[in-house]
Structures are given as structure tokens and as C-alpha cells.
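Remarks on the overall topology
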Amino acid sequence: MERSAIFPKSRFQEFFDLMQEFGDVFAPRRVSEKSFSFKQVKNPSEIAFEALRTILPPKKFFFQQRETIISYDENGVRETKPKVSPQVLFGLHPCDLAGLGIMDKVYSASPPDPHYMARRQATLLVGLSCMPDKHCFCKAMGTDSPTSDYDLFLTDIGEDYFVQIHTPIGLQMVGSKKELFSGSDETKSQAFKDFWTTRDQAFTSHFQSENLPAIMDMEWDNKVWDELGNRCLSCGNCTPVCPTCYCFDMVDVASLHAQAGERVREWDSCQFVGFAKVAGDTNFRPGPVDRLKFWYRHKLHGFEDPHGLPTCVGCGRCTESCPAGIDDIVSVVLRLQGKPSVLISDRTTGATNSDCCGSDGGCGSGCGGCGSTHGSTSGGSPGCGGTDTGGHPHA
Amino acid sequence: MTAGSPLPSIAVHGLTGCAGELLVILENLENLIPYVRVSSFPFAQSKNEDDRPVDIAFVEGSVSQPHDLERLKKIRAQARWLVGVGNCAVWGCVQRDGCRKESAVAMFEKTYGDKSQDDVMPSTPLSDHVRVDVKLSGCPINSTQLLAVTASLLRDHLPYITSKPVCLECKLRENACVLIENNLPCLGPITAGGCGALCPTFGAACYGCWGPSEQPQMEAMSTILQEKGYEMNEVMSRLFAFGAPDELFERVKRTIPQVSVDTI
């Protein structure tokens, strides 16, 4: 179903009260100068409407960082029932909705995960429109507009919010407070269309994704993986922040009390050396290059599994969260496609870098433009990356 | 354990260290006591059975003096399981890093003069001398891990201790990254977690007190800190303050041939 309605921004408090009638409300809140986090809000003034991406994606509400799955004692083994209460997530952008769509597919596949499903079923999703920054590339991944996986979606059209209603419960929400909502008119519908046209033109990071799986296959041995992988810290930051990374570790924690203990599930990362280690001290992906390439492949190509889909939704969290600046997915894809692109590793691997960047050896802010003299880049490069390498300040 | 049979015994010993681990164990004694008998704990009790075998011996501190080594060998001979607790026991900690900067003897004489009757040797972790069954790092150790290790050993299981990096714990807590946002020289990416990312949670850089994570990417870490403007000497000093092993030291040195160890 798809219907729409309008409500004035000046009456957001009433919309907030309405959400609270359906559960505890969680929305992006500012937690530092540059970072946001989905947390419970009791007052609209706590919401950071300007938040583009939170540190952790909303998957944390369903697939929790750490949780007990079963417990055991001398009387036997018991499944731990997840604690669930009705909740409304507000302020999810299209990339996050798409990410949850992928998580839903994975965790609802037979046999469904009871913890994930119980929390998912108790949750309403209220999306919110956004304007991309330099790290956003959802348009390239085809996840730039809300297509499913939401109950309501709010588009900021100036004085009002244009509300797309996607589910029966979304309709019930709107229907339970009729005095707040009105139908759209021609002007407001036009404003809605204009917003999405403007937004579509606002993307500065983009690539053609149609050939992505084929490119990932044919460029498996590209030297870019070595260059980036050798900068990799194996810190694993890229995976918890990814809306679709779903891997976990499972450990049994024995209690001092004889016969008792619990089995705990905790987020894990394919970037850790122990992740692919098996008996006999064999490791399928022993080095950071192997691990980085593996992760990129899952995101941009997909596994040979029943889901088989590229799992990147273009939110830019990994780009922003990588201390080494190597999760610059857009630039990596462009490089693999043979298009002009500058990577952070060019600074350390390109012999011509030091020639053009002077004695600081590291592309300081004085780096004007290397033009096509960059020997190490394919297709020439517009600069040394001194101004835009994933938000990481230079030395 | 069956009713009537004697409780498993534990011993708690301190070599050269700050007694931080001993304090953590002392604080947790009330949790342990229903399940174990404390046969020796010189830090906390006056009557100790130092000459009898024990099931689990917890040893804090590094080996820094000949009498440390004698004691350690005796402890090893009497213990079924030997658990090295804390960074000093597992990696050697700051006293080991100090020994890298100048010889242990020179340092000793500077501190105590040349007339001291004590003897000294370069500070080293326990596993340089004896078999260590479980290495539980920390500065100090984490209570939950201590209890979990004890619980596992009481069931004859070797405990599962990961050394995934601090970054994982930091992200699980959803902290803003101090390495990225504040350009602090945070060693979270190459340091073993277990502390719950304590320092970054309060806005400070991780300074590596739990020792290296599993296969730390030392070269990448030093590259990234240098790109942020930290001098190599400072980077090296931070990377090795808590007794990281020489092979890691060598790896970083290979990336920067111009740096002399003497200058650090």
C-alpha cells in the first residue's frame, strides 16, 4: 500500500506524541562534535534532525551487540527469551532502511532468528529524507529512495512534512490523529517532487554499479588490494558500523557455580585475524590484504549464497569510520573500473607523489594538483587527495 | 565438585609488579571462596602453604630479579595450571620497555647507586622462563575475565580469551572515535581489548596497557600516527611502553630505517 498525507513542521511535537503512543521513540542524538547515535528520546528537542549517519546503524536494535542466547544449569538448558517492548525508530534515511531490508532477509531466512524477529516485529520504522554529503553514495547502490521496509517516511518540503504511508500500521498511526494530518495539494505534491529532484542532483560521489559484480570478479588480483590492505589496521571498525554486516562470535561463559553458564553472542568482524582461523591453526584469510578484499567482495559482489546480493547500501559509514582511510568505496570502485580516482594509498605507493607534493612526503594541504602526472593512478587523477580522503586530516 | 571432596586450591603470587592484579583478585575473593580454597596468598594472608601443590597458581608481575625467577620456578613446579595475570606477567610491561632503553644494570645503578646488595636482571614476561597455561593480560585485569578463567579451569577447560582489538569494544559502546575525530594517538586498533575501551570512552587515547592484539598491524599503525603528525620517536615510545615483544619492535624499525633505537 502507498498513501500520503501532510503535516506542518510546526506541529512536530504532536507527531512525536503520536509516535510515543506506539512505543519508546529512538532517534539520532548528537554524541560528539561530529558523531550521532540512535538513542531514546523523550522530547523532540533531543533529536538531531541534521544527522546523516549515526556511528552504529539501526541494526543494533534487532541484532544486539552482545546478548545471551541460552543459559544452562543443573536443571537443563533454556533458551533466553529476548526482552521486547514496542519501539519506534525515527529518522532513518533511505540507506538505513535498505540496510534493514537486507538484515531482514538474512535473519528471517529459515530458520529465522527468534531474537531478531521478535524485536523487529515490535518496531515501527519512521524514515526521514536527507541531503547527501561527500561520503553518501546510496544513489550508486540504488538505495537512495525509500522503496520498502518502512511504516512511514517523512520528506522535508519546507513548512511541512510530506508523509508516505507504507503499511497498515502506518495508516493506523496517521488515522489515530486525523486532526494533525491533511491531504496533499498540488503545490505540496510539487514541492515533494522538487525535493527529490534536487536531492538526486546533490550527489557528488557516484559510480555506475551495473557492472559491479563482474568488475569485482575480474579485478580480484588488482594491486589496489595490496596497497590498501597494507595500510589496514585490522581494527574492524568497518564492520560494526556497516548496516549489513551480520557476523557474530558465540562463546560459552561458564559460571563459577558448578554446572551453570550461558552462551553469549557478540558482534564479530571478518577483519580480525581469528575470524577465519580453523583447527590446526589454519587460516583462510591470514593477512590484512586477504581480509580487506573479502569484505569488499561481500559488500560489492555478494557471496555465492542464497542471498547472493551486494550488501553495500552506500551510507558512507565505513568511509568515515576507517582510521586508515582505506574504506573509500567510491574511489576504489572508480579505480577498479579504470576511471580517474585518487586513493589514500597513492600517497605512499606512487613514486611520483613525493615529486609533486614536495618534501613533506605526505600530500599536505599545499598539494595543488598533480594532474595526469601521477604515474601510479590509472587514467590520471585530479589531485593528490589532499582535500578529500575520507575526512581524515593530514599530517 | 561433589559434596565432601576438598575444594580445589588456588595460590596468588606477585613478582615484580604494582600489585594491581593482586588487588583485583582480593576484591573478587568473596566470589571465589565458595568454590576454591586459598592455599597461598602472601599479599592477603599470613598463613600460607607455599610448599604444597595447588590446582591454580595466579602469578602477577614480571621476572626482574634472580629471586623472582627462583620463586617462579617453584610455583610452576607446584601448580597444575599457571595463570599469568596482568600485563607485567604476560608482556613485561613498562619495566621491560625501560630495559630496552638502557641496560638493566645501568638503570639499577642510577636508581639505587652502585653499593646496593640487590641483584637485577632484564625484566621479562613469565613465558620467557616457564610454561604459562593461561595468559590473562590487563592493567589491571578485568574481574569478569578473572572469574571466567577460574570457572573454566575448575572444569578442566582452557578458557577462551580473545585478543580482539580495543576498537571492537569501543564500537560496541558506540563511542565517537578519538583517533579520527580528535586526532589523538589512540592505540586501540593494535591493542588487545578486555578493558571495555575504558580510555576512549572518556575521550582519551588508548595507550596500549593490555599489550598487543592478535597479530597487530604495527607498520600500518605507525604510518597512520606519523600521518597525523606524531614524531616517530613518540610513536615508537607509545607502541612499546607496555612491553610489546621485540619482534614487533623489529617490524616497526624495518619500516623506518633512519630511526636509531638509541634515540628512543
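Residues numbered from 1 in each chain as written. Chains lettered and ligands numbered in written order. Predicted model: local features only at pLDDT ≥ 70, side-chain atom pairs only at ≥ 80, totals over all residues. Heavy atoms only, no water.

Concerning the sheet that holds strand 8 (residues 152–156) of chain A
Residues and elements named next belong to chain A.
- Pairing in this open sheet of seven strands is mixed, and the strands run 1-9-8-7-6-2-3 from one edge to the other. Single-partner strands in this sheet number two, and they are strand 1 (3–8) and strand 3 (36–40). Averaged over all neighbouring strand pairs, the angle between strand axes comes to 25 degrees, with direction disregarded.
- Looking at chain direction, strand 7 (residues 123–128) and strand 8 are connected through three bridges and run parallel. Directly across from G127, in strand 8, lies its bridge partner F153.
- Together, strand 1, strand 2 (24–30), strand 6 (87–92), strand 7, strand 8 and strand 9 (160–165) form the strand contacts of helix 1 (residues 12–21), whose direction differs from that of strand 6 by roughly 140 degrees. (Pairing = 2+ DSSP bridges. Helix = DSSP H or I, 4+ residues; strand = E, 2+ residues; numbered from the N terminus. Axes fitted to C-alpha atoms, helices over the stretch in contact; angles between N-to-C directions. Contact = heavy atoms within 4.5 Å.)

Focus on the layout of surface pockets
Residue and element names in this part refer to chain B.
- Size it by volume and the largest pocket reaches roughly 1100 Å³.
- With six residues, the single largest contributor to the lining of the largest pocket is helix 7 (residues 143–154).
- In terms of residue class, the lining of the largest pocket is made up of 17 nonpolar, 13 polar and nine charged. (1 Å grid on protein atoms, 1.4 Å probe; cavity = no way out; pocket = protein on both sides within 12 Å on 5 of 7 lines; lining within 4 Å. Points joined across faces, edges and corners; volume = space filled by probe spheres on them. Nonpolar A, V, L, I, M, F, W, Y, C, P; charged D, E, K, R; others polar.)

Digging into the packing of helix 12 (residues 232–240) of chain B against helix 13 (residues 246–255) of chain B
Residues and elements named next belong to chain B.
- At their nearest, the axes of helix 12 and helix 13 sit 11 Å apart, and the two run at 165 degrees to each other. As far as their axial angle goes, helix 13 and helix 12 are roughly antiparallel. In terms of crossing hand, the pair formed by helix 12 and helix 13 is right-handed. Contacts between helix 12 and helix 13 involve M232, M236, L239 and F240 from the former and L248, F249, V252 and K253 from the latter.
- Partitioning the contact of helix 12 with helix 13 into residue classes produces seven nonpolar, no polar and one charged. (Parallel < 35°, antiparallel > 145°, perpendicular 65-115°, else oblique. Left-handed = near helix turned anticlockwise from the far one by under 90°.)

Comments concerning the interface of chain A and chain B
- Between chain A and chain B, the contact holds 51 residues from the first and 35 residues from the second.
- Together chain A and chain B conceal approximately 3400 Å² of surface at their shared face, both sides included; 61% is due to carbon and sulfur atoms.
- For the pair chain A and chain B, the number of links is five salt bridges.
- For the pair chain A and chain B, the interface holds 13 residue pairs in polar contact (both at pLDDT 80 or more).
- Of all the elements in the fold, those that place two or more residues in the side of chain A that touches chain B are strand 3, strand 10 (248–254), strand 11 (261–267), helix 9 (288–300), helix 10 (317–321) and helix 12 (346–349) of chain A.
- Residue composition of the side of chain A that touches chain B, by class: 24 nonpolar, 16 polar and eleven charged. (Buried area = accessible area lost by both parts, 1.4 Å probe. Salt bridge = Lys/Arg side-chain N within 4 Å of Asp/Glu carboxyl O. Polar contact = N/O pair within 3.5 Å; in protein donor to acceptor, adjacent residues only side chain to side chain.)

Description of the domain arrangement of chain B
Residues and elements named next belong to chain B.
- Looking at the assigned domains, one finds that chain B contains domain 1 (9–154) and domain 2 (166–255).
- Distance between the C-alpha centres of domain 1 and domain 2: 25 Å.
- On the side of domain 2, 14 residues touch domain 1, which itself brings 14 residues to the contact.
- Around 1200 Å² of area is buried between domain 1 and domain 2 when both sides are counted, 51% of it from carbon and sulfur atoms.
- Put simply, domain 1 and domain 2 have zero salt bridges between them.
- Counting across the domain 1 and domain 2 interface gives five residue pairs in polar contact (both at pLDDT 80 or more).
- Ranked by residue count, the leading element in the side of domain 1 that touches domain 2 is helix 5 (residues 93–101), at five residues. (Domains from an automatic or database assignment.)

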